[in-house]
Amino acid sequence: MNPFTLHRPSAIDLISAMLASSSDPKFLAGGMTLLPSMKLGLITPSDLIDLTSLPAFGEISNEGRRLSVGAGATHAAVANERRIRELCPALGRLAGKIGDRHVRNRGTIGGSLANNDPAADYPAAILALDATIHTDRREIGSSDFFRGIFETALDEHELITSIEFEAPERAAYAKFPHPASGYALAGVFVCRGDSYVRVAVTGVGSDGAFRLQELEGKLEAQFEASVVDTIDLSALEFFEDRHGSRAYRENLVRVMARQAIAEIAAVDGA
Amino acid sequence: MTRIEAVVNGKKVTKTVDDNRLLVTFLREDLGLTGTHVGCDTTQCGACVVNIDGDTVKSCTSLAAGANGCSITTIEGVAHGERLHRVQEAFHRHHALQCGYCTPGLIITAIDIIEKAQGPLDEATVRQELKGNLCRCTGYQNIVSAILDAAEKYAMSSVSKVA
Ligand SMILES: Cc1cc2nc3c(=O)[nH]c(=O)nc-3n(C[C@H](O)[C@H](O)[C@H](O)COP(=O)(O)OP(=O)(O)OC[C@H]3O[C@@H](n4cnc5c(N)ncnc54)[C@H](O)[C@@H]3O)c2cc1C
Ligand code: FES
Ligand code: FES
């Protein structure tokens, strides 16, 4: 790995001076994407600012049904946290399916969102939950945050501090994992509240995760898995690669959507 | 350079390391604890898994400097003197290894799976939890049997979950 200087700030307001004194700094959260890229020499930052030493950076709290998840919350923490289990269990189950137990112990929700891998799981949840992303400078709505593959609305060295959302009445996430990497070949997150349904898809879009508005409208009228058969996906930009053709991925989106809808409907029926 | 103070396998260690030193290199080369292996270097295989403050971590994708103030357990730290850890015994009994390359990471992982299990472990859960540890030799069957056997023995022991 290239030589660099490691900084371990004990407070957020110490970070700007560290950034100013470095030629090419990068934030380090769980390191589960950053360190492998550095080991391969794909990026060679001069300085790493380790966020894991910031106090309360991974804190999870709630006010009523409004949940706030610190950017430094690990996937394991999101999977196991009592408040998330009670208020938004689908998000916990999503986190519990990321990577493997060692990756979940280190990887963070903030790092995953900042990275915006087109096959990552969290982007589907953040879009469907209509979450707000808080940074050290502003708030960004989920619909403005994702800007294409590995691209977000974050400015250079803008720090995600937390993610906030209103827990939906019901939610479910269905993912078809790539058999080798475990990332989503297709993942569909469905949220249902009093007067709305939101559906978001990861793994298939050539611009990254997206909302599936046609399905949302139809599900608002009739919340049934069979509705999935009536939607038209042909106008959406899918990517194709050796892991799956467009037709295969389209079918996966339908199968995952039906699974997520059926899971919610089953809870209703119980 | 960062000065680190950590407890490794119960012993206090103080060293100054380059900021870009990986934890696995620190353990193997600076401390001579070569039981922790590097299998893939791409964060896939789990041969490098160690336990840091109660959680399993891939040490090939952790910085040594990040271990400052932590307590680390490697495969060298699980036996009690001459007496093997009961998970090691179970691996021995079930012949759960061939070349043994993956075994240190698997044992550290298996201990953690058993200690964190909420209730009795079943085969499906063990297989799922082993996702981050690859074995090229065994086909996993004997590894899974060994873990289930060790888990049962833990459950039977009312004294302590350790060793
Ligand atoms: C074997 C393996 C399997 C995986 N499987 C999956 C999977 O199935 N699904 C999935 O979704 N992901 C998967 N991942 C990715 C994993 O979720 C990573 O944890 C995640 O992509 C990066 O998060 P991190 O906290 O490790 O960030 P890091 O690697 O530390 O950082 C990633 C990037 O984000 C920036 N960054 C980090 N935190 C912040 C912040 N708070 N504000 C601004 N920028 C920040 C960093 O500077 C860096 O550019 C896998 C990874 C591995 C190694
Ligand atoms: S060497 Fe660390 S995961 Fe393979
Ligand atoms: S015993 Fe050879 S890799 Fe597992």
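Calculation notes
Residue indices follow the written sequence of each chain, beginning from 1 at its first position. Following the order in which they are written, the chains are lettered starting with A and the ligands numbered starting with 1. Whole-chain, interface and lining totals are the exception, using all residues; otherwise, since this is a predicted model, local features are given only for residues with pLDDT of at least 70 and side-chain atom pairs are given and counted only at 80 or more. Here the side-chain values reflect all heavy atoms present in the structure, with hydrogen atoms and water set aside. UniProt positions are given in the numbering used here, feature names are shortened, and annotations may be inferred rather than shown by experiment. We count a stretch as a helix when DSSP gives it H or I for four or more residues in a row; a strand needs E for two or more, and each element gets its number in order from the N terminus. By definition, residues are in contact when any of their heavy atoms lie within 4.5 Å. Accessible surface is computed with a 1.4 Å probe, and the buried area is the amount of it that two parts give up when combined, taken over both parts together. What counts as a salt bridge is simple: a side-chain nitrogen of Lys or Arg found within 4 Å of a carboxyl oxygen of Asp or Glu. The nearness test applies per residue and asks whether one of its heavy atoms lies within 4 Å of the molecule or strand. Here a polar contact is recorded for every N or O atom pair within 3.5 Å, except that within protein the pair must consist of a potential hydrogen donor and a potential acceptor, and residues adjacent in sequence are included only if both atoms are side-chain atoms. Calculation of accessible area relied on Shrake-Rupley with a 1.4 Å probe; when residues are assessed, cover is drawn exclusively from the protein chains displayed. Each helix should span, by expectation, one fewer than its residue count multiplied by 1.5 Å. When a residue's accessible area, from a 1.4 Å probe over protein chains only, is under 20% of the maximum for its type it is buried; when over 50% it is exposed; and in between it is partly exposed. For every domain, the bounds stem from an assignment made automatically or drawn from a database. The residue classification treats Ala, Val, Leu, Ile, Met, Phe, Trp, Tyr, Cys and Pro as nonpolar and Asp, Glu, Lys and Arg as charged. All others, Gly included, are polar. The rule for pairing is simple: two strands pair if DSSP sees at least two bridges between them.

- In the annotation of an unreviewed UniProt entry, chain B is listed under the name (2Fe-2S)-binding protein and assigned to Rhizobium tropici.

- An unreviewed UniProt entry lists chain A under the name Carbon-monoxide dehydrogenase medium subunit, from Rhizobium tropici.

Some details on the UniProt feature "domain: FAD-binding PCMH-type" (unreviewed entry) in chain A
No. 1: Those places that UniProt annotates as "domain: FAD-binding PCMH-type" (unreviewed entry) correspond, in this numbering, to residues 1–170 of chain A.
No. 2: Span residues 1–170 of chain A is 33% helix and 21% strand, its end C-alpha atoms 45 Å apart.

Some thoughts on the interface of chain B and chain A
No. 1: Contact with chain B, which involves 25 residues of that partner, is made by 23 residues of chain A.
No. 2: Roughly 2000 Å² of surface becomes buried between chain B and chain A when both sides are summed, with 52% attributable to carbon and sulfur atoms.
No. 3: A per-residue breakdown of the area chain B buries against chain A is headed by Asn20, Thr61 and Leu63 of chain B, which together make up 26% of the total.
No. 4: For the interface between chain B and chain A, the tally reads four salt bridges.
No. 5: Its salt-bridge partner being Arg104 of chain A, residue Glu129 of chain B comes within 3.9 Å of it at the nearest N-O pair.

Some details on the site of ligand 1
No. 1: Near ligand 1 you find 31 residues, and of these Phe27, Gly31, Leu34, Thr108 and Asp121 of chain A are the closest.
No. 2: Two or more chains meet at ligand 1, and those chains are chains A and B.
No. 3: Taking Phe27 of chain A, its main chain carries an N or O atom lying 2.6 Å from an oxygen atom of ligand 1.
No. 4: Expressed as a share of its isolated accessible area of 970 Å², the protein-covered part of ligand 1 is 94%.

Focus: helix α11 (residues 246–269) of chain A
Residue and element names in this part refer to chain A.
No. 1: In this model, α11 (24 residues) spans 34 Å end to end at C-alpha, consistent with the 34 Å of a helix rising 1.5 Å per residue.
No. 2: Along α11, the positions that sit buried rather than exposed are Arg249, Glu250, Leu252, Val253, Arg254, Met256, Ala257, Ala260, Ile261 and Ile264.
No. 3: Against β9 (170–177), β10 (184–192), β11 (197–202) and α10 (213–221) lie the buried residues of α11.

A closer look at the domain arrangement of chain B
Residues and elements named next belong to chain B.
No. 1: In terms of domains, chain B is made up of domain 1 (1–75) and domain 2 (84–158).
No. 2: Using only C-alpha atoms to locate each centre, domain 1 and domain 2 end up separated by 22 Å.
No. 3: Here domain 1 packs against domain 2, burying approximately 1100 Å² in sum over the two surfaces, 58% of which is carbon and sulfur.
No. 4: One can count one salt bridge joining domain 1 with domain 2.
No. 5: Its salt-bridge partner being Lys116, residue Asp55 comes within 2.9 Å of it at the nearest N-O pair.
No. 6: Where domain 1 meets domain 2, there are seven residue pairs in polar contact (both at pLDDT 80 or more).
No. 7: Its residues assigned to classes, the side of domain 1 that touches domain 2 comprises six nonpolar, ten polar and two charged.

Here we look at the pairing of strand β4 (residues 55–58) of chain B
All names here are of chain B.
No. 1: Where strand β3 (residues 49–52) lies against β4, four bridges are found, and the strand directions are antiparallel. In the strand pairing of β4, Val50 is matched with Val57.
No. 2: The antiparallel hairpin formed by β3 and β4 contains two residues in its connecting segment, where Asp53 sits at a positive phi of about 50°.

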